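# Descriptive structure summary
Residues per chain, in single letters:
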Amino acid sequence: MMMTPTIDHELLRTFVAIVDQGGFTSAAQVVNRTQSAVSMQMKRLEEDVIQRPLFVRQHRQLLLTSEGHTLLSYARKILSLQGEALTLLRQPDMVGRVRLGVPDDYVMRFLPGILKTFSQAWPLVDVDVHCAPSSMLSQQPLGSLDLIIMTREIGDEVGTVLRREATVWVSAESHSTHLQTPVPLALFEAPCFCRRHACHALDRADRAYRIAYSSPSLATLQAVVGAGLAVSAWMRSLVTSDMQILGEPEGFPELPESSIVLLRTASKPSPIIDSLAEHIVEGFRL
């Protein structure tokens, strides 16, 4: 019976490292081998296993041949499947589902990086993301979510404080909306303490305003502000490059800080939930 040819996964791992690092020297550090050992591995892969050249040098650059491109696609799949298999066999308890509640304020800014690293660590765990304002998330039925990220006032924190941030006034960089009287505001729907603080601050400063736009969605408020239609107030980390921060010189009083907290609501111990919570804490440090 004819044996099916195989490729040593260590050869594939080194091959992928060379492509990703752009050379043998950098790849050697990644796979923890000497450069000569990496060279010998590739010689074996090219001459004994594939029997085709995988690399070609052009103007001091290391490029893939057509066979190299074909192998790279398969190599990534093989190594990924191997990782999933090992995760399943070594950590059978890390297979399942975790339910995360989060305001859309943080979805684009923080969540992509957090979910990416979590997925790389535990590829067989599914994450259900439920987006809603903090005021609604705090009122979710017990047990409906496992973890909740929400914004709280200073002194009213529950759970783990992920970070504290200044709340700032923002308007479009290229517009003078903030000079209008009364100034048009785009604020989160009530009940929202950011909305309350913003209105109280302008009342105390005797600054005329009108709430021109109201929405539970940060994306909607960003679109309105970006179009030069209104001024808003949200956390400093959510300010985009096309916006300007307003302050006392422009007639906008200082606003209090807010806290972003992580609340664990699951009643039973779970390594899946513990792991995602750790990734969230780390993600909000960046």
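What you see is a predicted model; the values in this text were computed from it and never measured. (Residues numbered from 1 in each chain as written. Predicted model: local features only at pLDDT ≥ 70, side-chain atom pairs only at ≥ 80, totals over all residues. Heavy atoms only, no water.)

Looking now at the pairing of strand S2 (residues 61–64). Two strands pair when backbone bridges link them, and strand S1 (residues 55–58) and S2 are joined in this way by four bridges, in the antiparallel orientation. Paired with Val56 across the strands is Leu63, a residue of S2. In sequence, S1 turns back onto S2 through a hairpin of two residues, with His59 there showing a positive phi of about 55 degrees. (Pairing = 2+ DSSP bridges. Helix = DSSP H or I, 4+ residues; strand = E, 2+ residues; numbered from the N terminus.)

This paragraph deals with the pattern of salt bridges. Within this structure, the stated rule accounts for eight salt bridges. For Glu10, the salt bridge goes to Arg13, with nearest N and O atoms at 3.1 Å. Placement of both Glu10 and Arg13 in helix H1 (residues 9–21) is noted, with a separation of three residues, approximately one turn of the helix. With relative accessibility at 22%, the residue Glu10 sits in the partly exposed group. Exposure remark for Arg13: the relative accessible area of 34% places this residue in the partly exposed category. Ionic pairing is found between Arg99 and Asp146, a salt bridge with its closest N-O pair at 2.8 Å. Of this pair, Arg99 sits in strand S3 (residues 96–102) while Asp146 sits in the loop between helix H6 (134–137) and strand S5 (147–153), and the two are 47 residues apart along the sequence. (Salt bridge = Lys/Arg side-chain N within 4 Å of Asp/Glu carboxyl O. Buried < 20%, exposed > 50% of the residue type's maximum accessible area, 1.4 Å probe, protein only.)

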